[in-house]
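# What the coordinates show
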Amino acid sequence: INTTKLFEAEAQLLKLTQSVHQIEQDKLVIYPITNGFEKIATISPASLQSVTVPTVEIKTSEGISITFPKNALMSFSTPIQVSTSVQYTGLERSIDIKFGTLYGAAQKAHRLKKPFTIRIPASTLAPQASTNIASYDPGVILGYSAEKGYYAVPHIYVNGEFIVTVSEGHKLVHRTEQITFDDIQGSIFQEEIEYLASRFVIKGYDNAAFRPDEKITRGQFAALISRALDLKPSKQTTFNDAFYSSF
């Protein structure tokens, strides 16, 4: 073991835990420190026992806030680290949010049993939103990973900010590209279909066809609900005919 590197890692970890925090109304607010391009907050679950407020909120200098149920964080026995970084790749803007426990200087990702809320000002992802919020087209927020590509994450857009509800860390990508299909033009459901397709909740048969009048199966409907609400199975399925993983 390289003890020098180990001491350096421990010293860096100690530095990263020096986040400013205070009680505001009914929540503990933590202001993360900056480490390169990241904003990092480290939370000790044991220290939350003496905090009487029900929620913990992390606020970054970009206006991003992440709110956790305090009890969900207290279920861990080791320090928790939450980091955010705003990234710009060409015209695409994204926010990489990581959540996990610390083992030494390494972070292990976790999924909470209770969801947490991420509030993102539209101006953080699209500067033009701050000039005329009334006429701004907000687009959608998607998750992205190298393994899955783009995928749906539950969110709404209200009063100039995106409110995302998830249970684990995600790379969140802002997109304004509209997805449509040739056979829904003029349909009374065109707007709803395009919205859900742009959020990657529903998919067409190819770039031109959606087949809006075709029947949907129970398996397909379950897949849509799971995708839209970011649901994950808690145990192995007991159905012999549940083969809809491809949806």
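You'll find the structure just up there.
Residues numbered from 1 in each chain as written. Predicted model: local features only at pLDDT ≥ 70, side-chain atom pairs only at ≥ 80, totals over all residues. Heavy atoms only, no water.

## With respect to the overall build of the protein chain
The helix and strand inventory of the protein chain stands at five helices and 15 strands. Sorting the 247 residues of the protein chain into buried and exposed places 40% on the buried side. Considering only contacts within the protein chain whose residues lie at least 6 apart along the sequence, 58% involve residues at least 24 apart. Total accessible area computed for the protein chain in this model is approximately 14,900 Å², and 55% of it derives from carbon and sulfur atoms. (Helix = DSSP H or I, 4+ residues; strand = E, 2+ residues; numbered from the N terminus. Buried < 20%, exposed > 50% of the residue type's maximum accessible area, 1.4 Å probe, protein only. Contact = heavy atoms within 4.5 Å. Areas by Shrake-Rupley, 256 points an atom, 1.4 Å probe, with all protein chains shown as cover.)

## Some remarks on the layout of surface pockets
Volume-wise, the second largest pocket comes out at about 620 Å³. Ile202, Lys203, Phe210, Ile216 and Leu224 are, among the 21 residues lining the second largest pocket, the residues nearest its centre. Among the elements that make up the lining of the second largest pocket, the one with the highest residue count is helix H5 (residues 218-229) (seven residues). Split into classes, the residues belonging to the lining of the second largest pocket amount to 13 nonpolar, three polar and five charged. (1 Å grid on protein atoms, 1.4 Å probe; cavity = no way out; pocket = protein on both sides within 12 Å on 5 of 7 lines; lining within 4 Å. Points joined across faces, edges and corners; volume = space filled by probe spheres on them. Nonpolar A, V, L, I, M, F, W, Y, C, P; charged D, E, K, R; others polar.)

## Thoughts on the pairing of strand S11 (residues 140-145)
Counting buried positions along S11 yields five of six residues, so the element is predominantly enclosed. Here S11 pairs with strand S15 (residues 170-175) via four bridges, running antiparallel. Paired with Leu142 across the bridge in S15 is Val173. Here four bridges tie S11 to strand S12 (residues 149-152), and the two strands are oriented antiparallel to one another. Bridge pairing in S12 links Tyr144 to Tyr150. (Pairing = 2+ DSSP bridges.)

## Thoughts on the environment of Arg199
Residue position: Arg199 is located in the loop between helix H4 (190-198) and H5. Considering only alpha carbons, one finds Arg199 and Ile179, 20 residues apart in sequence, at a separation of 8.9 Å. Other than its neighbours up to four places away in sequence, Arg199 contacts Val140, Leu142, Tyr151, Ala152, Val153, Pro154 and His155.

## A closer look at H4
Residues of H4 that are buried: Gln190, Ile193, Glu194, Ala197 and Ser198. Looking straight down H4, one finds that the buried residues subtend no more than 125° of arc, so they occupy a single side. Tucked inside the fold, the buried residues of H4 contact S11. One or two steps after H4, the chain reaches Phe200, where phi turns positive at roughly 65°. (Arc of directions from axis to C-beta.)

## Brief notes about the side chain of Thr84
Among the secondary structure elements, Thr84 is positioned in strand S7 (residues 80-89). Given the relative accessible area of 4%, Thr84 is considered buried. If near-sequence neighbours (up to four positions away) are discounted, Thr84 is found in contact with Phe37, Glu38, Lys39, Thr60, Ile66, Asp96 and Ile97.

## Section: the pattern of salt bridges
Across all of its chains, the model carries eight salt bridges by this definition. We note a salt bridge from Lys39 to Glu62, for which the minimum N-O separation is 3.0 Å. On the criterion of sequence distance, the pair formed by Lys39 in strand S4 (residues 38-43) and Glu62 in the loop between strand S5 (55-59) and strand S6 (65-69) is long-range, its members being 23 residues apart. Taking the relative accessible area as the measure of exposure, Glu62 reaches 26% and is therefore partly exposed. With its nearest N and O atoms 3.9 Å apart, the salt bridge here joins Arg211 to Glu214. Residue Arg211 is classed as partly exposed on the basis of its relative accessible area, which comes to 40%. (Salt bridge = Lys/Arg side-chain N within 4 Å of Asp/Glu carboxyl O.)

## Section: the packing of aromatic side chains
This structure, assessed with the given rule, holds eight aromatic pairs. Ring geometry for Phe99 and Phe116: centres 5.9 Å apart, planes at 40°, overall tilted. Separated by 17 residues along the polypeptide, Phe99 in strand S8 (residues 92-103) and Phe116 in strand S10 (residues 111-121) bring together distant segments of the chain. On the accessibility criterion, Phe99 (3% relative accessible area) is buried. Exposure remark for Phe116: the relative accessible area of 0% places this residue in the buried category. Where Phe181 meets Phe210, the ring centres are 5.3 Å apart and the plane angle is 35°; that geometry is what we call tilted. Taken together, the positions of Phe181 in the loop between S15 and H4 and Phe210 in the loop between H4 and H5 put the pair 29 residues apart, joining distant regions of the chain. Residue class for Phe181 comes out buried when judged on its relative accessible area of 4%. Here a set of aromatic residues connected by ring pairs shows up, and it is made of Phe68, Phe76, Phe99 and Phe116. Directly above the aromatic system of Tyr151 lies the positively charged group of Lys148, at a separation of 4.0 Å from the ring centroid. (Phe/Tyr/Trp six-rings, centres within 6.5 Å; stacked < 30°, edge-to-face > 60°. Lys NZ or Arg CZ within 6 Å of the ring centre and 35° of its normal.)

As far as function goes, none of this settles anything; it's purely spatial.
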